[in-house]
Structure formats: C-alpha cells, structure tokens
Amino acid sequence: MKDLQPITFPGIDPKKPLIIAGPCSAETEEQTLDTARQLADLGIKIFRAGIWKPRTKPGGFEGVGSQGLKWLKKVKEETGMYVATEVATHQHVTEALAEGIDMIWIGARTSANPFAMQEIADTLKELNADIPVLVKNPVNPDLELWIGAMQRIYNAGIRQLGAIHRGFSTYGKHIYRNMPQWHIPIELRLRFPEMPIICDPSHIGGRRELIAPLSQEAFDMGFDGLIIESHCNPDCAWSDAAQQLTPEILNFILHTLVIRDSKQSTENLTLLRQQIDRIDRELLEVLAKRMQVSRDIGRYKKEHRMSVVQAGRYNDVIRTRLNHGVEMGMGAEFLKTVLLAIHDESVRQQIEIINDRTI
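Owing to the predicted nature of the structure, the values given are computational and were not obtained by experimental measurement.

Novice: I tried to follow the sheet that holds strand S6 (residues 161-165) on my own but got confused; where do I start?
Specialist: Paired through their backbone hydrogen bonds, the strands of a sheet run either parallel or antiparallel. Strands sit in the order S1-S2-S3-S4-S5-S6-S7-S8 around a closed barrel of eight strands; the barrel is parallel. Put simply, the sheet's adjacent strands are angled 30° from each other on average, direction ignored. As judged from the four bridges shared by strand S5 (residues 133-136) and S6, these two strands associate in the parallel manner. Looking at the pairing, Leu134 lines up with Gly162 of S6. Along the sheet face, helix H9 (residues 211-220) touches strand S1 (18-22), strand S7 (197-199) and strand S8 (225-229) and points at about 165° away from the line of S8.

Below you can see the structure in the form of structure tokens.
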C-alpha cells in the first residue's frame with residue numbers, strides 16, 4: 001500500500017482534521033434530516049448514519065435498510081453535506097453507490113471476516129468505485145487481520161483508503177466500552193505512515209463523557225480525524241444512546257480540542273514513548289488483577305488450612321513462564337528477576353490475608 005491518496009473532498013480543508021458526525025442509526029426521515037441540518041449549521045461537512053446495523057443478538061433494531069439511503073440523499077440535497085454509511089455485503093455496496101453515497105466504512109465485525117472483506121472488495125472492483133473507504137479495526141486486537149482487510153480493499157483499486165480505530169472488545173467490566181489499546185494503531189501508523197487514521201471515540205468510550213478526552217488523546221497521537229456519533233435527541237436514540245452527543249455539545253467539544261499545527265521531526269519517537277507509557281499502565285493493571293487473584297487464593301488456603309508456599313507449583317510456574325518468555329525474545333535472567341519478584345509479592349499478599357491483615 002505504497003500509493004495511498006489523502007481522503008479529500010471539495011470544500012473541505014485538507015490541512016484540517018477530517019470530522020465525520022451523525023447518528024448511530026438513521027431512525028426516521030425527520031430525525032435524520034433534523035440532525036443533519038443542525039450539524040451543517042455548525043460547519044460539519046460529512047454526515048454519517050448507519051442504515052444497516054449488525055446486532056449481537058436478534059430482535060434488536062437492525063437499521064431501517066435501503067429506504068434510509070433516500071434520506072441520506074435528501075441530506076445531500078438540502079444541506080450540501082457529504083454522506084457516509086456502513087456496508088457489510090455486496091448488496092449494501094451496490095445500493096449505497098447507486099444512491100450516491102460519498103464515503104463508506106466497514107465495521108469491526110465485518111473487517112474480522114476475510115470472506116466478507118473479499119466480497120466487498122470484489123464489488124468495489126466490479127463497480128469501478130472511486131470513493132473513500134474506511135476500515136474499522138476488527139473486534140479482536142489483531143493488527144495483521146486489520147491490515148489484511150485493508151489490503152483487500154487496496155487490491156480492488158481503492159486509493160483513498162483509511163483506517164478507523166474504534167477500540168477492541170474485551171471480557172468483563174471496564175471504564176471503556178472497547179479498550180483503546182493505542183499501541184495497535186500506533187504500530188499501524190509506523191508501518192504505513194501515509195495511511196489516514198480516524199478515531200472513533202464514541203465506540204471506544206461507550207459513554208458521552210469520555211468522548212472529549214479520547215478525542216484529545218487521539219489528536220495528541222497525530223490521528224487524522226474523528227468519526228463521532230451525534231443525534232438530535234440522543235437520550236431517545238434507538239441504538240447506542242449513551243454514547244451519542246447533541247450537535248451543540250459536539251460543537252463545544254470540537255472547539256476545545258487542541259490540535260498541533262505541524263508534525264515534529266521527532267514524531268515517531270514521541271509516538272513510541274507514548275506507546276511505552278500506555279503499555280506500562282496496562283502492565284500495572286494486569287499485575288493488580290493478578291494480585292487480586294493471589295488474595296483470593298490466600299482466602300481459599302486459609303479456609304482449607306493449606307500452606308502458602310507449595311514448592312511443586314512454584315517450580316512449575318517459574319519453569320513454564322521462563323520458557324514462554326524466552327520464546328518471546330526476552331532474556332532468561334531478566335525473566336527470573338521479574339517472575340521471582342511477582343511470586344514474592346503474591347506470597348506476601350496471601351500471608352496478609354491468612355494473618356487477617358487488610359490489603
């Protein structure tokens with residue numbers, strides 16, 4: 001992917017971040033046009049709305065379907081905005097292009113499926129399409145799968161090709177709906193410097209109060225734009241109500257964000273250092289979870305009158321972890337030091353539990 005082109009539209013300053021906004025779903029013609037008019041009045045140039053909505057379980061709102069494309073066409077005619085929607089099948093691509101959609105994006109579930117991605121790529125090639133295509137990261141944190149999805153679109157002749165970082169699914173409760181794992185889009189940027197990367201803070205955060213800080217963090221890392229969900233009445237939205245903003249609040253956030261005017265010569269080093277900082281925080285979170293499990297083990301051992309240190313288990317843990325770490329390219333002596341330190345802290349925490357000292 002050596003000859004990628006910037007994603008540009010007439011009337012949009014290519015030197016400024018690309019801002020794409022609109023409701024998670026086009027629900028009714030009135031709601032779609034009302035939201036679009038408000039956004040257009042605030043200077044937003046690209047309107048997004050989901051027409052076909054993939055849902056984890058059947059029975060939920062799965063989008064209005066093809067009729068929504070007519071509403072997006074009205075948005076173009078009345079406001080002069082460019083319009084974008086998500087596609088996942090041959091039919092979606094064919095109908096979207098036939099109705100004059102200016103930009104399409106491919107969702108996280110679809111980008112994880114090479115068969116679906118190839119079907120979309122083949123359709124774009126058959127139609128000789130020449131529009132911007134954005135590919136969201138797969139639901140799982142697999143950079144190669146993400147790159148492979150974009151390569152299929154690139155091989156279909158699309159050169160205005162970009163990535164959307166929307167975070168990665170994870171099990172359990174977290175502050176974010178989808179974990180940012182910023183090091184993955186940073187690695188994508190280092191490997192493909194010309195690839196536009198758009199941040200989707202709505203899907204990363206899952207809550208409207210997280211959109212502003214996530215957007216700022218994305219711009220601090222040199223992202224090229226934002227795709228944000230905005231609804232004329234977000235609390236009544238038919239899907240993802242908690243993460244949608246009113247156009248007024250969106251406008252306020254956009255005007256408070258700090259954007260660097262030029263790239264520094266040390267930008268790659270800055271990105272790598274930011275990557276280290278985030279990985280360190282993730283490492284501390286993982287260690288904290290491990291110690292919580294150690295405390296749970298301490299409670300179990302106390303109830304069953306078991307000794308804290310069990311030599312067989314200890315030797316097996318050190319040996320297996322050491323072998324795995326060496327296979328990953330780390331030094332044996334370094335691993336011994338780290339693993340012994342973790343083990344010693346785990347033992348200390350278990351002893352605290354057994355001796356009824358609060359941690």
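Novice: What am I meant to see in the environment of Asp102 here?
Specialist: Mapped onto the secondary structure, Asp102 falls in the loop between helix H3 (90-98) and strand S4 (103-106). Among the residues examined, Asp102 registers a relative accessible area of 15% and is labelled buried. For the pair formed by Asp102 and Leu340, sequence separation is 238 residues and the distance between their alpha carbons is 57 Å. Beyond its immediate stretch of four places on either side in the chain, Asp102 contacts Phe9, Lys76, Met81, Tyr82, Val83, Ile131 and Pro132. A polar contact of 3.2 Å, which involves the side chain of Asp102, links it to the side chain of Lys76. Side-chain polar atoms of Asp102 contact the backbone nitrogen of Val83, separated by 2.9 Å.

Novice: Is there a simple way to explain H3 in this structure?
Specialist: Each full turn of the α-helix corresponds to 3.6 residues, which orients residues three or four apart in the same direction. Here H3 has its buried residues at His92, Val93 and Ala96. Around the axis of H3, the buried residues are gathered within 95° of arc, so they sit on the same side. Looking at the buried positions of H3, the neighbouring elements they touch are helix H2 (67-79), strand S3 (82-87) and helix H5 (114-126).

Novice: Even after reading the chapter, I still don't get the pairing of S6, so can you show me in this structure?
Specialist: The buried count for S6 comes to five of five residues, which makes it a mostly enclosed element. On S6, burial covers both faces: Leu161, Ala163 and His165 on one face and Gly162 and Ile164 on the other are all buried. You can see the chain leave S5, run along helix H6 (residues 143-155) and come back into S6, and the turn it takes is right-handed. Pairing of S6 with S7, which is carried by three bridges, proceeds in the parallel orientation. Looking across to S7, one finds that His165 is bridged to Cys199. Handedness of the β-α-β unit built from S6, helix H7 (residues 183-191) and S7 comes out right-handed.

Novice: How should the environment of Val338 be read in this particular structure?
Specialist: Here Val338 is to be found in helix H13 (residues 332-354). Placed 204 residues apart in sequence, Val338 and Leu134 show a C-alpha to C-alpha distance of 42 Å.

Novice: Is there a simple way to explain the state of the cysteines in this structure?
Specialist: Simply put, the disulfide is a covalent bond whose two ends are the sulfur atoms of two cysteines. Summed over the entire model, instances satisfying the criterion amount to zero disulfides. Cysteine Cys199 is unpaired, with the sulfur of Cys24 as its nearest cysteine sulfur at 16 Å. Looking at Cys199, the relative accessible area reads 0%, which means it is buried. Residue Cys236 stays outside any disulfide, its sulfur separated by 9.0 Å from that of Cys232, the closest cysteine.

Novice: Would you explain the packing of helix H1 (residues 29-41) against H2 in this entry?
Specialist: Helix-helix packing is characterised by the crossing angle of the two axes and by the distance between the axes. At a closest axis distance of 10 Å, the pairing of H1 and H2 adopts a crossing angle of 35°. For the crossing formed where H1 meets H2, the hand is right-handed. On the side of H1, the interface is formed by Glu29, Thr32, Leu33, Ala36, Arg37 and Ala40, while H2 contributes Trp71, Leu72, Lys74, Val75, Glu78 and Thr79. Of the residues assigned to the contact of H1 with H2, the class counts are six nonpolar, two polar and four charged.

Novice: Explain the packing of aromatic side chains to me, please; I cannot follow it from the model alone.
Specialist: Aromatic rings considered in pairs are described by the distance between their centres and by the relative angle of their planes. The full count for this structure, using the stated rule, is three aromatic pairs. Judged by centre distance (5.2 Å) and plane angle (90°), the rings of Phe61 and Trp238 are edge-to-face. Placement of Phe61 in the loop between strand S2 (46-48) and H2 and of Trp238 in the loop between S8 and helix H10 (247-256) is noted, with a sequence separation of 177 residues between them. For Phe61, a relative accessible area of 22% translates into the label partly exposed. Taking 5.7 Å as the distance between ring centres and 80° as the angle between the ring planes, the aromatic pair formed by Trp182 and Phe223 counts as edge-to-face.

Novice: It is not clear to me how the side chain of Arg278 should be interpreted in this structure. Could you clarify?
Specialist: Tracing the sequence through the fold places Arg278 in helix H11 (residues 267-303). Of the residues examined, Arg278 reaches a relative accessible area of 9% and is grouped as buried. Among the polar contacts listed, one links the side chain of Arg278 to the side chain of Glu217, at a separation of 2.8 Å. Every residue in contact with Arg278, bar those within four places of it in the chain, is listed here: Trp182, Glu217 and Met221.

What counts as what
Residues numbered from 1 in each chain as written. Predicted model: local features only at pLDDT ≥ 70, side-chain atom pairs only at ≥ 80, totals over all residues. Heavy atoms only, no water. Pairing = 2+ DSSP bridges. Helix = DSSP H or I, 4+ residues; strand = E, 2+ residues; numbered from the N terminus. Axes fitted to C-alpha atoms, helices over the stretch in contact; angles between N-to-C directions. Contact = heavy atoms within 4.5 Å. Buried < 20%, exposed > 50% of the residue type's maximum accessible area, 1.4 Å probe, protein only. Polar contact = N/O pair within 3.5 Å; in protein donor to acceptor, adjacent residues only side chain to side chain. Arc of directions from axis to C-beta. Right-handed = clockwise from strand over helix to strand, strands pointing away. Disulfide = S-S within 2.5 Å. Left-handed = near helix turned anticlockwise from the far one by under 90°. Nonpolar A, V, L, I, M, F, W, Y, C, P; charged D, E, K, R; others polar. Phe/Tyr/Trp six-rings, centres within 6.5 Å; stacked < 30°, edge-to-face > 60°.

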